Amino acid sequence: MKWDAIGDMNCSVARTLGIVGDRWTLLILRSAFMGIRRFDDFHAMLGMTRHVLTERLGRLVETGILRKALYHEKPARYEYRLTDKGKDLYPVVLALMAWGDKWMDKGLGAPVLMEHVPCGHHMTPVMVCSECREPVLPRDTRLLAGPGLNTDGTEASSA
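So, a few notes on the structure that sits alongside this text. (Residues numbered from 1 in each chain as written. Predicted model: local features only at pLDDT ≥ 70, side-chain atom pairs only at ≥ 80, totals over all residues. Heavy atoms only, no water.)

Some remarks on a nonpolar patch on the surface
Residues Trp 99, Trp 103 and Met 104 make up a contiguous nonpolar surface patch of about 420 Å² in total accessible area. With respect to the helices, strands and loops of the structure, Trp 103 is situated in helix α6 (residues 90-103). (Patch = residues over 30% accessible without salt bridge, like charges linked within 9 Å, V, L, I, M, F, W, Y side chains within 5 Å. Areas by Shrake-Rupley, 256 points an atom, 1.4 Å probe, with all protein chains shown as cover. Salt bridge = Lys/Arg side-chain N within 4 Å of Asp/Glu carboxyl O. Helix = DSSP H or I, 4+ residues; strand = E, 2+ residues; numbered from the N terminus.)

Below is the structure:
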């Protein structure tokens, strides 16, 4: 299977990776969560080529993760704002950051600390069960067939 087709798999992880599964896209999202909105600011922060940045931003707009908003009319200039769909990726980015802080810090500690503004404490994101609020661990999780999966492992039809 070619990498371009990964988003066609009947797997939520694969479908998500089909959109956000490259390093530049995740770094664009990280920057958007930091408040970056304009093309030139993304370009300056990330140092990627303008062509690649244009393509990745276009894909994020096309998939509804970012939306373009006009901020200057003549000449037309746009900024990129996170949609609700895009904001829902925040826990994903925080989880990657926490993993990197734990395993990739080169012994120097986290380059950025997270503060939970309402309580004022530094925090590490933790995934918890939506029902009992206990931490979710691999040993305590079982995957079951969902309504979008046929018993043969193929995608269910929407007819």
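We are not done yet, so read on.
Notes on the environment of Tyr 80
Structurally, the position occupied by Tyr 80 is in strand β2 (residues 77-82). The spatial distance from the C-alpha of Tyr 80 to the C-alpha of Phe 39 is 7.7 Å, given a sequence separation of 41 residues.

Looking at helix α4 (residues 50-62)
The terminal C-alpha atoms of α4, which comprises 13 residues, lie 18 Å apart, in line with the 18 Å expected from a rise of 1.5 Å per residue. Residues of α4 that are buried include every one of Leu 53, Arg 56, Leu 57 and Leu 60, and no others. One side of α4 holds all its buried residues, which, seen down the axis, span an arc of 100 degrees. In α4, the exposed residues that point more than 90 degrees away from the buried face are His 51 and Glu 62. Where α4 is buried, its residues contact α2 (23-33), α3 (39-46), β1 (66-72) and β2. (Expected span 1.5 Å × (residues − 1). Buried < 20%, exposed > 50% of the residue type's maximum accessible area, 1.4 Å probe, protein only. Arc of directions from axis to C-beta. Contact = heavy atoms within 4.5 Å.)

Points about unusual backbone geometry
A cis amide bond links Lys 74 to the next residue, Pro 75, at an omega of -5 degrees. Of note, Pro 75 is situated in the loop between β1 and β2. Look at Lys 106: it is not a glycine, yet its phi comes out positive at around 55 degrees. Assignment of secondary structure puts Lys 106 in the loop between α6 and β3 (114-116). When its relative accessible area of 76% is taken as the criterion, Lys 106 is described as exposed. Residues other than glycine seldom take positive phi values, yet Arg 133 does so here, at roughly 65 degrees. Mapped onto the elements, Arg 133 comes out in the segment after β4 (121-123).

What to know about the nonpolar core
Residues Ile 28, Leu 29, Phe 42, Leu 53 and Leu 57 are the most contacted members of the largest nonpolar core, which totals 18 residues. Among the secondary structure elements, those contributing two or more residues to this core are α2, α3, α4 and β2. Aside from chain neighbours lying at most four places away, what touches Leu 57 is Ile 28, Phe 39, Phe 42, Leu 66 and Tyr 80. (Core = buried A, V, L, I, M, F, W, Y, C linked by side-chain atoms within 4.5 Å.)

Digging into the environment of Leu 89
The topology assignment puts Leu 89 in the loop between α5 (84-87) and α6. Assessed through its relative accessible area of 13%, Leu 89 is described here as buried. Counting along the chain gives 63 residues from Leu 89 to Leu 26, while the straight-line C-alpha distance between them is 9.8 Å.

Considerations on the packing of α2 against α4
Contact geometry of α2 with α4 gives a least axis separation of 10 Å together with a crossing angle of 70 degrees. The pairing of α2 with α4 is recorded here as roughly perpendicular in orientation. Each of Trp 24, Thr 25, Ile 28 and Leu 29 in α2 lies in contact with α4, whose residues at this interface are Val 52, Leu 53, Arg 56, Leu 57 and Leu 60. Residue composition of the contact of α2 with α4, grouped by class: seven nonpolar, one polar and one charged. (Axes fitted to C-alpha atoms, helices over the stretch in contact; angles between N-to-C directions. Parallel < 35°, antiparallel > 145°, perpendicular 65-115°, else oblique. Nonpolar A, V, L, I, M, F, W, Y, C, P; charged D, E, K, R; others polar.)

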